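# Coordinate analysis (summary)
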Amino acid sequence: MEYDIAMEPPTPREFVRLRSAAGMRERSLDAAAAGIGNECTAVTIRADGDLVGMGRIVGDGATVFQIVDIAVTPDHQGRGLGSRIMNELVSWLEANAPPSAFINLIASEPGFYEGFDFATCAPELVGMDLTLPTESESSHAQ
């Protein structure tokens, strides 16, 4: 199969659909519409015009960069697409990020990212996240 790779973000609808298909935590279409287009860079991979893979780098463009939203649809996994996405993103960082920048990611598949020279930073650093309550959860708390 032939794939088209581009340095561009997906549409918000594609973003939400691909995250869901890849089994990732859902994002609302409203949130995607507000966020997509604000990244430092993005990579998309398409097959016959359909989005089958993506990845983004978010941050302030100078001091901190975070690799996020690396996803490939299940029916296209195992074909090296995740590696192609990461190679493009790392190449972009090498060309655009200053040496003093903090570059990070949070991995559900840590062994994959070690192949791109990412290393676990514990115990010096610990990744954390905050899950905000949904509207229905927060309205019950009041």
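Here is what the cut-offs are and how they apply
Residues numbered from 1 in each chain as written. Predicted model: local features only at pLDDT ≥ 70, side-chain atom pairs only at ≥ 80, totals over all residues. Heavy atoms only, no water. UniProt positions renumbered as here; feature names shortened; annotations may be inferred. Helix = DSSP H or I, 4+ residues; strand = E, 2+ residues; numbered from the N terminus. Expected span 1.5 Å × (residues − 1). Buried < 20%, exposed > 50% of the residue type's maximum accessible area, 1.4 Å probe, protein only. Arc of directions from axis to C-beta. Contact = heavy atoms within 4.5 Å. Phe/Tyr/Trp six-rings, centres within 6.5 Å; stacked < 30°, edge-to-face > 60°.

## Remarks on the UniProt feature "domain: N-acetyltransferase" (unreviewed entry) in the protein
Following the UniProt record, the feature "domain: N-acetyltransferase" (unreviewed entry) maps to residues 1-133 here. In the segment residues 1-133, helix accounts for 29% and strand for 25%; the C-alpha atoms at its two ends are 42 Å apart.

## Some details on helix α3 (residues 81-96)
The end-to-end C-alpha distance of α3 is 23 Å, a good match for the 22 Å that 16 residues give at a rise of 1.5 Å each. Here α3 has its buried residues at L81, G82, I85, M86, L89, V90, W92 and L93. In an axial view of α3, the angular spread of the buried residues amounts to 165 degrees, which keeps them on one side of the axis. Exposed residues on α3 whose side chains face more than 90 degrees from its buried face are E94 and A95. In this structure, the buried residues of α3 make contact with β2 (41-47), β3 (50-59), β4 (64-72), β5 (102-105) and α4 (110-114).

## Things to note about the packing of aromatic side chains
Evaluated as defined, the whole model comprises three aromatic pairs. Each ring, one from F112 and one from Y113, has its centre 4.9 Å from the other, and the planes form 80 degrees; the classification is edge-to-face. Judged by relative accessible area, which is 11%, Y113 ranks as buried. Taken together through their ring pairs, the aromatic side chains of F112, Y113 and F116 make up a single cluster.

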